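These are the residues of each chain, in order.
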Amino acid sequence: HRADTHLGAGENHPRRAPDGLTERQHDIIRTFTEAIDKIIDLKPDLCIHAGDLFHTVRPANRIMAIAARQLHRLAQAAKIPTLIITGNHDAPKQSGHGPALDVFRTIDNLHVVADSHMEHVTIAGASVTALPHCLTTDIRKAELARCRPDPDAAFNILVMHGVAAGMEEFSMVELGEQELPLEVMEGYDYVALGHFHNFRRVADRAWYSGSTERLSQSEREADKGFIEANLTDFSITFHKVASRTMIDVPEIDATGLRGDEIVDVVKKRVAEIGGEDKIVRVRLTNVSEEARKTIPTEEFQRLRQQSYALDIQIQRPQNKTNHQPTLGRAGIGRLDK
């Protein structure tokens, strides 16, 4: 069980490889491929991808070709039955647009569930209930009502992509993410979930595998990989892949510092952690307007070029004497109804 590979993400990384993709995109491809290498070695009865194979609805041709080669190697060449569903990132947002996953239906031994409707698929002796990301809330409600385990099956597996209900820490606050009721997961021997990017159990026999690469600073301390689930004697094993290291440098208080002094502090911190092969975020607080104007920006630019990925965030001092009235929380409702 794996999910959230987000192939194609990282297109804004400053370094590019000879093939035109960025080095960050190659990071994501590398962990995707490493997971497939390990799955082929394990020779499971079934491999599940629980959504967001791609980072966008329309991935680049080169990304599509890489995904096709790896899925062919896994399902057709290695003869490992594989099922994949769409997630909120790679599912079409309009009914007239087909999912990119459709092009993989010609790969033998690969089952694609991507048309906004639940499908029951019998694979390797198991009854798999597969619910892809749905186009609207109404469709999702109707399809969830159809998700029922088969009482005659040796094993029942449920595959879904979204936020486990009632668990706010799992919500990534993305437009289009869908809520998954916990009661729908009852009665299944295993529930393979996608969308939350960290490995986590959420209900009886229901798990998020997490993503195979770190995709945000909130994931910097999380191991990445996939789940091996043994349904006969029920056991869960998490297999790690070698994802890119992310570091969040402790906040730097720039009170009283000149622009050149701020640059020196940042250089020192980045050198201490070895930023040349890591994704690093540096946050500077209490940077005065005068200091902002005197920061030698070319030094920051040079430091970014020497680093693998360096994000420098600058915050002005808070004005404690000019409080604005609190008008309450603003929110945006779902747009898919």
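Here, every reference points to the structure presented above.
Rules used in this analysis
Residues numbered from 1 in each chain as written. Predicted model: local features only at pLDDT ≥ 70, side-chain atom pairs only at ≥ 80, totals over all residues. Heavy atoms only, no water. Helix = DSSP H or I, 4+ residues; strand = E, 2+ residues; numbered from the N terminus. Buried < 20%, exposed > 50% of the residue type's maximum accessible area, 1.4 Å probe, protein only. Contact = heavy atoms within 4.5 Å. Lys, Arg positive; Asp, Glu negative; His and termini not counted. Charge placed at Lys NZ, Arg CZ, Asp CG, Glu CD. Pairing = 2+ DSSP bridges. Axes fitted to C-alpha atoms, helices over the stretch in contact; angles between N-to-C directions. Phe/Tyr/Trp six-rings, centres within 6.5 Å; stacked < 30°, edge-to-face > 60°. Lys NZ or Arg CZ within 6 Å of the ring centre and 35° of its normal. Expected span 1.5 Å × (residues − 1). Core = buried A, V, L, I, M, F, W, Y, C linked by side-chain atoms within 4.5 Å. Parallel < 35°, antiparallel > 145°, perpendicular 65-115°, else oblique. Nonpolar A, V, L, I, M, F, W, Y, C, P; charged D, E, K, R; others polar.

S.K.: Lay out the overall build of the protein chain in plain terms, naming residues and giving numbers.
M.R.: Looking only at helices and strands, the protein chain has six helices and 17 strands in total. The burial tally for the protein chain puts 49% of its 337 residues in the buried class. Partitioning the intrachain contacts of the protein chain with sequence separation of at least 6 by distance along the chain shows that 69% fall at a separation of at least 24. In the protein chain, 42 side chains carry a positive charge and 49 a negative one; their mean positions are 4 Å apart.

S.K.: Lay out the sheet that holds strand β3 (residues 110-113) with the relevant residues and their values.
M.R.: Read from one edge to the other, the open sheet built from three strands follows the order β1-β2-β3, with strand pairing classed as parallel. Among the strands making up the open sheet, the edge pair consists of β1 (47-49) and β3. Each neighbouring strand pair of the sheet contributes to a mean axis angle of 15°, computed without reference to strand direction.

S.K.: Can you lay out the packing of aromatic side chains for me, pointing to particular residues and giving the numbers?
M.R.: In this structure the tally under the stated criterion is four aromatic pairs. Seen in terms of ring centroids, F54 and F104 are 6.1 Å apart; in terms of plane orientation they differ by 35°. Their pairing is tilted. With F54 in the loop between β1 and α2 (61-77) and F104 in the loop between β2 (82-85) and β3, this pair connects stretches of sequence that are 50 residues apart. Taken as a pair, F54 and F104 share a single burial class, namely buried. Consider the rings of F199 and W207, whose centres lie 5.5 Å apart with planes at 15°: the pair is stacked. On the accessibility criterion, W207 (14% relative accessible area) is buried. One aromatic cluster is present, formed by F199, W207 and F238 through successive ring pairs. R205 extends its terminal NZ or CZ atom over the ring of F234, reaching a point 4.0 Å from the ring centre. R244 extends its terminal NZ or CZ atom over the ring of Y308, reaching a point 3.8 Å from the ring centre.

S.K.: Explain α2 residue by residue, including any values.
M.R.: Across its 17 residues, α2 extends 22 Å between first and last C-alpha, which sits within 8% of the 24 Å expected from 1.5 Å per residue. Buried within α2 we find I63, M64, I66, A67, Q70, L71, L74 and A75. The inward-facing, buried residues of α2 abut α1 (23-42), β1, β2 and β3. Downstream of α2 by a residue or two, K79 has a phi angle that is positive, lying close to 60°.

S.K.: So what about the nonpolar core? Which residues, and what values?
M.R.: L7, L53, F54, L101, F104 and L110 are the most contacted members of the largest nonpolar core, which has 31 residues in total. Residues in contact with L110, not counting those within four places in the same chain, are L71, A75, T82, I84 and F104.

S.K.: Describe the environment of A65, listing the residues and the values that go with them.
M.R.: Of note, A65 is situated in helix α2. On a C-alpha basis, the gap between A65 and H89 in space is 18 Å, while along the polypeptide they are 24 residues apart.

S.K.: For the packing of helix α4 (residues 259-273) against helix α6 (residues 297-306), give the residues involved together with the corresponding values.
M.R.: Across the interface, α4 lies against α6 with an axial gap of 10 Å and an inter-helix angle of 10°. When the axes of α4 and α6 are compared, the pair comes out roughly parallel. Touching I262, V263, V266, K267 and V270 of α4 are E299, F300 and L303, all from α6. For the contact of α4 with α6, the class distribution of residues is six nonpolar, no polar and two charged.

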